[in-house]
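# Topology and contacts: notes
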Amino acid sequence: MTVLLEFKENLRSFYGKHGAYLTPIAKFLFALLVFWQIRARIGYMERLNSIALLLILALVCSILPTAVMLLVAAVMVTLHCFALSLPAGAIAFVLFVIMYLLYFRFAPQYAYNALLTPLSYLLGVPYVMPVANGLLQSPAAVVPTVCGIVTYYFLDGITVNESSLAGAVEEEQLIAKFQEIIKQFTGNREMYLSVAVAVMVMLTVYLIRRLPVNYAWTFAIVIGVLVQFLVFLIGYMQFGMKNRSGMLAIGCAVSAALLVVLQFFFFNLDYTRTERVQFEDDEYYYYVKAVPKRYVSTGRKTVKKISENKRKREQKESVTRAELMKDMDIRLEDDEEEAEEDS
């Protein structure tokens, strides 16, 4: 544990010194990952698939607010959908306008949620985001998280029905495709299940981690992961998706491990040294429970090189001081003898 705590403190110190450079680099890599996943999943417009263009867009997003990255990603997805078919592009445009208005109204500071949530689904660990958001953020973070879930299932439906949506169509076929996309999107029971579970888990975890009890974050993580596993398992059995139970168990286990790492970096407390403090002012009495964070000071090794000449010089100075003290003692004894004779 000491080694891990030292690593944590060294990492924090390193980021504190070089954060001005590390933050843009991290944003650049994250933006590039988002744009690359869009290209890989729905790269229907060839002009937007240029690697040079993706690098330029990621570089621009690295020095601008995260909301710009979210806007660029939404525009790219909409253009790719228009390249596939007019109905897909039109529905994507309307959907993103509604979600963007909700995002700006309720949670403009949580832009990363709308981007990280679809990525977590693509990486096979969608159960991390609801618990992590409940641990680190306020209930307002539910809005961008739900937007990210809806975006993922919309794009998943587009890719599944890609062959039937592509190509030029007549007016009657165009209306039929509009209806097909809307029916497929609004009739996705798994999407509704995911949204309901995410909202329930985020609020539950948020309430538990704010309780004044020991190991609140640990209880919140365990309960959040278990609730997701049980509710999804019951939902999959009701929808006839029993083949997803294995991936559900693996995803929850991996998510729990990632959440433990998250807790170590953001809420690592030492409950063995808990203190209770009581004080008052003119109007109130205060009862405070103080739990210290686990912390180790990172020692710095210094090597002092002593040359042979310096060692001899120090020895010579020490001899000189000894002789001086001896002389002082003799003088003090002489002064005492003279004082006795005078008396």
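What this report covers is the structure whose coordinates are included nearby. Note that the structure is predicted; figures quoted are calculated from it, not measured. One numbering rule holds for all chains: residues counted from 1, following each sequence as written. Under the rules for a predicted model, residues below a pLDDT of 70 receive no local features and side-chain atom pairs below 80 are neither given nor counted, while totals for whole chains, interfaces and linings still include all residues. With hydrogens and water stripped out, all remaining heavy atoms of the structure feed into the side-chain values.

### Here we look at the overall build of the protein chain
When you go through the protein chain residue by residue, the secondary structure sums to 13 helices and two strands. For each residue, the accessible area found with a 1.4 Å probe, counting protein chains only, is set against the maximum for its type, and the residue is called buried under 20%, exposed over 50%, and partly exposed in between. Counting across all 343 residues of the protein chain, residues that qualify as buried make up 35%. Throughout, a contact is declared for two residues whenever any of their heavy atoms are within 4.5 Å. Across the protein chain, every contact between residues at least 6 apart in sequence was considered, and the portion connecting residues at least 24 apart equals 72%. In this description, accessible areas are obtained by the Shrake-Rupley approach with a 1.4 Å probe, and a residue is regarded as covered only by the protein chains that are shown. Surface summary for the protein chain: the accessible area is close to 21600 Å², and the carbon and sulfur share equals 63%. Secondary structure elements follow DSSP: runs of H or I no shorter than four residues count as helices, runs of E no shorter than two count as strands, and numbering proceeds from the N terminus.

### Here's the deal with the packing of helix α6 (residues 128-136) against helix α12 (residues 245-266)
Two measures define how a pair of helices packs: the angle their axes make with one another and the distance between the axes. Note on geometry: axes are lines fitted to C-alpha atoms, helical ones only across the stretch in contact, with angles between N-to-C directions running from 0 to 180 degrees. Remark: α6 packs on α12, axes separated minimally by 10 Å, with the N-to-C direction vectors making an angle of 20°. Here α12 runs roughly parallel to α6, going by the angle between their axes. Crossing angle aside, the handedness with which α6 passes α12 is right-handed. Contact residues: α6 offers Val-128, Val-131, Ala-132, Leu-135 and Leu-136, while α12 offers Ser-255, Leu-258, Leu-259, Leu-262 and Phe-266. Angular relationships are summarised with four words: roughly parallel below 35 degrees, roughly antiparallel beyond 145, roughly perpendicular across 65 to 115, and oblique for the angles in between. Crossings are assigned a handedness: left-handed for a near helix turned anticlockwise from the far helix by less than a right angle, right-handed for a clockwise turn.

### Observations regarding the nonpolar core
Put simply, buried Ala, Val, Leu, Ile, Met, Phe, Trp, Tyr and Cys residues joined by side-chain atoms within 4.5 Å make one nonpolar core. Judged by nonpolar contacts, the single largest core of 47 residues is most densely connected at Val-34, Phe-35 and Phe-154. Listed by contribution, the elements that provide at least two residues to this core are α1 (2-42), α2 (51-62), α3 (66-84), α4 (86-106), α5 (111-122), α7 (142-160), α9 (171-186) and α10 (189-209). Sorting elements by how many residues they give to this core places α3 first, with ten residues.

### Quick notes on the packing of α10 against helix α11 (residues 216-238)
At their nearest, the axes of α10 and α11 sit 9 Å apart, and the two run at 160° to each other. On the basis of the axis angle, α10 is roughly antiparallel to α11. Crossing angle aside, the handedness with which α10 passes α11 is right-handed. Residue-level contacts link Glu-190, Leu-193, Ser-194, Val-197, Met-200, Val-201, Thr-204, Val-205, Ile-208 and Arg-209 of α10 to Ala-216, Trp-217, Phe-219, Ala-220, Ile-223, Gly-224, Val-227, Gln-228, Val-231, Phe-232, Gly-235 and Tyr-236 of α11.

### A word on unusual backbone geometry
Unlike most non-glycine residues, Tyr-215 shows phi in positive territory, near 60°. Along the chain, Tyr-215 falls in the loop between α10 and α11. Its relative accessible area of 42% is what places Tyr-215 among the partly exposed residues.

### Let's talk about a negative patch on the surface
Together, Glu-280, Asp-281, Asp-282 and Glu-283 make up a negatively charged patch on the protein surface. Mapped onto the elements of the fold, Asp-282 is located in the loop between β1 (275-280) and β2 (285-290). Relative accessible area serves as the criterion here: at 83%, Asp-282 is assigned to the exposed category. Think of a patch as exposed residues, more than 30% relative accessible area, with no salt bridge, where like charges cluster within 9 Å and nonpolar side chains (Val, Leu, Ile, Met, Phe, Trp, Tyr) cluster within 5 Å. Only one rule defines a salt bridge in this text: a Lys or Arg side-chain nitrogen within 4 Å of an Asp or Glu carboxyl oxygen. Under this rule, positive means Lys or Arg and negative means Asp or Glu; His and the chain ends count for nothing. Charged groups are reduced to one reference atom each: NZ for lysine, CZ for arginine, CG for aspartic acid, CD for glutamic acid.

### Some thoughts on α7
A helix is expected to reach a length of 1.5 Å times the quantity of its residues less one. Between its terminal C-alpha atoms α7 stretches 27 Å, which fits the 27 Å expected from 19 residues at 1.5 Å a residue. Of all 19 residues in α7, 14 are buried, a share of seventy percent or more.

### Overview of the pattern of salt bridges
Enumeration according to the criterion identifies two salt bridges in this entry. Across the salt bridge formed by Asp-156 and Arg-41, the nearest N and O atoms sit 3.7 Å from each other. In this pair, Asp-156 is assigned in helix α7 and Arg-41 in helix α1, connecting sequence segments 115 residues apart. Residue Asp-156 is classed as partly exposed on the basis of its relative accessible area of 25%. With a relative accessible area of 35%, Arg-41 lands in the partly exposed category.

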